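# Structure at a glance
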Amino acid sequence: QLQLVESGGGSVQPGGSLRLSCAASGVALDSYAIGWFRQAPGKEREGVSCVSSRTSTTTYADSEKGRFTISRDNTKNTVYLQMNNLKPEDTAVYYCAANLGRRFLFGSMCPLTPTYDHWGQGTQVTVSS
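First, a word on scope: everything that follows refers to the structure included in this document.

About the criteria used
Residues numbered from 1 in each chain as written. Predicted model: local features only at pLDDT ≥ 70, side-chain atom pairs only at ≥ 80, totals over all residues. Heavy atoms only, no water. Helix = DSSP H or I, 4+ residues; strand = E, 2+ residues; numbered from the N terminus. Buried < 20%, exposed > 50% of the residue type's maximum accessible area, 1.4 Å probe, protein only. Contact = heavy atoms within 4.5 Å. Disulfide = S-S within 2.5 Å.

### Comments concerning the environment of G107
Relative to the helices and strands, G107 is located in the loop between β9 (92-100) and β10 (118-119). A residue is classified by how much of its surface remains accessible, and G107, at 1% relative accessible area, is buried. Between the C-alpha atom of G107 and that of A97, which follows or precedes it by 10 residues, the distance is 15 Å.

### Thoughts on the environment of N85
In this structure, N85 sits in the loop between β8 (78-83) and β9. It is 9.2 Å that separates the C-alpha atoms of N85 and L18, two residues lying 67 residues apart in sequence. Apart from residues no more than four positions distant in its own chain, N85 is found in contact with G15, G16, S17, R67 and D90.

### Quick word on the state of the cysteines
Taken as a whole and judged by the stated rule, the model has two disulfides. A disulfide bridge connects C22 with C96, and the sulfur atoms are separated by 2.1 Å. The S-S bond linking C22 to C96 shows a torsion near 65°; that makes this disulfide right-handed. Here C22 is found in strand β3 (residues 18-25), whereas its partner C96 is found in strand β9, with 74 residues between them in sequence.

So this is what it looks like as structure tokens:
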């Protein structure tokens, strides 16, 4: 059974950076699309970024494009989210999610909608001055 564990969250000042990690166990991630989602208090869960399986196509929400970078290291079975120039509105619990990539155009894309089959427990990111 695939399990996902997020880490790397914390508290930073506006303009700071964090690197989130999503470590997988049980199943190799190379056949999975991986998405990062976040949910702030009183807000709906929203997609942040994702990377497909076969083609490693990346997708970013407009508000994060240029500040966040998603990457995967299949040798470590881990996906990362590098977050730069953080803003207070980035404050949220961040979740990683996985789904067999062939579900999404046979591994050529990934969605920023919460339709993934596997989810981690989340890691808190707080951006405040």
